[in-house]
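Tertiary structure, described
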Amino acid sequence: MKRARWLLPALIVVGACNAAAPALYRYYLPAMLGPIAVEVQMITTTDARARRAVQAGSAEVSQINNLLSRYIETSEVSRINRKSGSETHASAQTVKVVRRAIEIARLTDGAFDITVGPAVDLWRDARRAGELPDPEELEQARGRVGYQQITVGDNSVTLEKPGMSIDLGGIAKGYIVDRVARALRDTGIEDALVDAGGDGYAMGLNAQAEPWRIGLEHPRGEGRSPLDIVLRLSDRAYATSGDYRQYTEIDGERYSHIIDPRTGRPAREAASATVVAPDCMTADALATALLVMPPEAGVELVDSLEDIECLVITIRDDELHKIASSGFYDLTDDARDRPADTDDHPPE
Ligand code: AMP
Ligand code: MG
């Protein structure tokens, strides 16, 4: 799997500082949600402070992953899915993520829908087998999709229809990033960049005492080739979803891992969507939704939301078309990023 962004070169001093001068420390927290690790860069004054912060962050990663992963049999989400049709006890963290997922589903008119699990499974098998899912099975899976059928209590989640399943893959990474950022802050860290494979949170300032710089990746570039758009963020979250992250080609067609809940088929509207928001859970879920929505409608939705910006990229005739929300380019490195492309909102 590709990483969705690249880190710009910065002065890196790893674990070699005992004096009181601030230095940049970089760590990788244990793998979660498959092959993705959480990368933490932070500025602090002693090895001991850095270690304490990273231990707190690591504890969050494994705790949340053990609650939310569908691929861990003992997780709460696995239990909720096994017990579809009846009420299941759930922790405050799981309840919080499921509640937010339902809010984003309402906001996006169902483009983001965590009950898409049965269809995700069919397309995952299809990707592995290299052949399209059986239309009948797909129709059955589609019949089990619908966030309206989730009931959330103070400490329970109920999937009302037997056979339903939830998949938090489009939102959990963002929640983990938020929790790691909070854990770092709780140990006294003020300046850090937490990144989980392209979804992250920029806390405070970087080693040059400037907003953190996050380069966006080209959705059709080789390896980690950049898009020449660099976000400059301080106390903001970002997330990117892309059809290039995980996909397969069957009979020459590209099939993405993001499913349009209304059709049960892979989304085809956009090649990538980047969202900047106050928290990473929101950025993550909205980025996934923007890959499903018609790009103009998605950008219009984001324009109606406070403190949220986005860039959606579509590809037509092998050319990239960028559609940005009205304040997006104010968050980039240089106003020259703002293309003269007619698809873009005019500069203010
Ligand atoms: P992301 O990389 O954040 O866009 O999340 C993609 C993952 O979200 C997929 O691998 C699925 O687990 C899940 N997913 C796919 N389609 C949707 C959808 N329409 N709404 C919510 N989650 C989805
Ligand atoms: Mg997402």
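Just so you know, these numbers come straight off a predicted model, no measurement behind them.

**A word on the site of ligand 1**
- Ligand 1 sits among 16 residues. The nearest are Asp-167, Ser-241, Ile-259, Asp-284 and Thr-288.
- Contact between ligand 1 and Ala-111: a nitrogen atom at 3.0 Å from a main-chain N or O atom of the residue.
- The contact in question runs from an oxygen atom of ligand 1 to an N or O atom on the backbone of Gly-170, over 3.1 Å.
- Considering ligand 1 on its own, with 500 Å² of exposed area, one finds that the protein chains cover 95% of that surface.
- Among the elements that make up the shell around ligand 1, the one with the highest residue count is helix H7 (residues 280–292) (3 residues).
- Taken together, the residues of the shell around ligand 1 break down into 8 nonpolar, 5 polar and 3 charged.
- Residue-level mapping places the shell around ligand 1 at the junction of two domains, with at least three residues from each of domain 1 (7–64 + 171–344) and domain 2 (76–159).

**A word on the pattern of salt bridges**
- The tally for this structure, following the rule as stated, stands at 14 salt bridges.
- A salt bridge links Glu-39 to Arg-26; the nearest nitrogen and oxygen atoms lie 3.2 Å apart. Taken as a pair, Glu-39 in strand E3 (residues 36–44) and Arg-26 in strand E2 (residues 23–32) lie far apart in primary sequence, 13 residues in all.
- Residue classification places Glu-39 among the buried residues on the basis of a relative accessible area of 2%.
- You can call Arg-26 partly exposed: its relative accessible area is 24%.
- For Arg-124, the salt bridge goes to Asp-121, with nearest N and O atoms at 3.5 Å. Of this pair, Arg-124 and Asp-121 both sit in helix H4 (residues 117–129), 3 residues apart, which is roughly one turn of that helix.
- Within this structure, Arg-70, Asp-121, Arg-124 and Asp-167 form a network of salt bridges that share partners.

**Observations concerning the sheet that holds strand E4 (residues 87–89)**
- Read across the open sheet, the 3 strands follow the order E4-E6-E5; overall the sheet is antiparallel. With one partner strand each, in any of the chains shown, E4 and strand E5 (150–152) form the two edges of the open sheet. The sheet shows a mean angle of 20° between the axes of neighbouring strands, direction not considered.
- With 3 bridges joining them, E5 and strand E6 (residues 156–159) adopt antiparallel strand pairing. By the bridge assignment, Ile-150 is partnered in E6 with Leu-159.
- Packed onto the sheet, helix H3 (residues 92–107) meets E5 and E6 and runs at close to 130° relative to E5.

**Points about a negative patch on the surface**
- Judged by side-chain charge, Asp-125, Asp-134, Glu-136 and Glu-137 come together as a negatively charged surface patch.
- Following the sequence through the fold, Glu-137 ends up in helix H5 (residues 135–143).

**A word on the nonpolar core**
- One finds Met-42, Leu-68, Ile-150, Leu-184 and Val-275 to be the most contacted residues of the largest nonpolar core, which totals 75 residues.
- Element by element, the count of residues in this core is highest for H7, at 10 residues.
- Residues from two domains meet in this core; each of domain 1 (7–64 + 171–344) and domain 2 (76–159) gives at least three.
- If near-sequence neighbours (up to four positions away) are discounted, Met-42 is found in contact with Ala-23, Leu-24, Tyr-25, Tyr-27, Ala-50, Ala-53, Val-54, Leu-184, Ile-189, Asp-191 and Ala-192.

Here is what the cut-offs are and how they apply
- Residues numbered from 1 in each chain as written.
- Chains lettered and ligands numbered in written order.
- Predicted model: local features only at pLDDT ≥ 70, side-chain atom pairs only at ≥ 80, totals over all residues.
- Heavy atoms only, no water.
- Near = heavy atom within 4 Å.
- Polar contact = N/O pair within 3.5 Å; in protein donor to acceptor, adjacent residues only side chain to side chain.
- Areas by Shrake-Rupley, 256 points an atom, 1.4 Å probe, with all protein chains shown as cover.
- Helix = DSSP H or I, 4+ residues; strand = E, 2+ residues; numbered from the N terminus.
- Nonpolar A, V, L, I, M, F, W, Y, C, P; charged D, E, K, R; others polar.
- Domains from an automatic or database assignment.
- Salt bridge = Lys/Arg side-chain N within 4 Å of Asp/Glu carboxyl O.
- Buried < 20%, exposed > 50% of the residue type's maximum accessible area, 1.4 Å probe, protein only.
- Pairing = 2+ DSSP bridges.
- Axes fitted to C-alpha atoms, helices over the stretch in contact; angles between N-to-C directions.
- Contact = heavy atoms within 4.5 Å.
- Patch = residues over 30% accessible without salt bridge, like charges linked within 9 Å, V, L, I, M, F, W, Y side chains within 5 Å.
- Lys, Arg positive; Asp, Glu negative; His and termini not counted.
- Charge placed at Lys NZ, Arg CZ, Asp CG, Glu CD.
- Core = buried A, V, L, I, M, F, W, Y, C linked by side-chain atoms within 4.5 Å.

So yeah, pure geometry; function would need other evidence.
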